[in-house]
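Here is what each chain is made of, one letter per residue.
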Amino acid sequence: MLVGRFLIIIPMLAVAGSLAAKKRIPVTTGTLPTHGVLFVGLLVGTIVIVSALTFFPALSLSPIVEHFLMIQGRLF
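Parameters and conventions
- Residues numbered from 1 in each chain as written.
- Predicted model: local features only at pLDDT ≥ 70, side-chain atom pairs only at ≥ 80, totals over all residues.
- Heavy atoms only, no water.
- Helix = DSSP H or I, 4+ residues; strand = E, 2+ residues; numbered from the N terminus.
- Rg over C-alpha atoms; globule rule 2.2 N^0.38 Å.
- Buried < 20%, exposed > 50% of the residue type's maximum accessible area, 1.4 Å probe, protein only.
- Expected span 1.5 Å × (residues − 1).
- Bend = angle between axes of the 7 residues up to and from the residue.

Check the secondary structure of the protein and you find two helices and zero strands. The C-alpha radius of gyration computed for the protein amounts to 23 Å, which surpasses the reference 11 Å derived for 76 residues by more than 25%, pointing to a less compact arrangement than a globule. Along the three orthogonal principal directions, the C-alpha set of the protein runs to about 65 × 45 × 15 Å. The buried share among the 76 residues of the protein stands at 1%.

Pasting the structure below:
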């Protein structure tokens, strides 16, 4: 279990160190500000879409299974 944890932690620490070592670049017109309504809307939209796609397989398969059971004559 320890080896499994360290195999994940060590690359993540390397990525964090790489990001911490980067220099800050000045704000330009192509920079997306993180304190505006646009950023909040994009963030919330992304979270909603990802969470909806998490439940999509179960929601789409249940009517198909129910139809096959209905054809067999088993109703709930």
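Under the 1.5 Å per step criterion, the end-to-end length of helix 2 (residues 37–72) is 52 Å for 36 residues, consistent within 8% with the ideal 52 Å. When the local axis directions of helix 2 are compared, the greatest deviation, roughly 40 degrees, occurs at Phe 55, which is followed within four positions by the proline Pro 57. The positive-phi residue at the C-terminal boundary of helix 2 is Gly 73, with phi of around 95 degrees.

Between its first and last C-alpha atoms helix 1 (residues 2–21) spans 28 Å; for 20 residues at 1.5 Å apiece the expected length is 28 Å, and the two agree. Counted residue by residue, helix 1 has zero buried out of 20 residues, so it is predominantly exposed.

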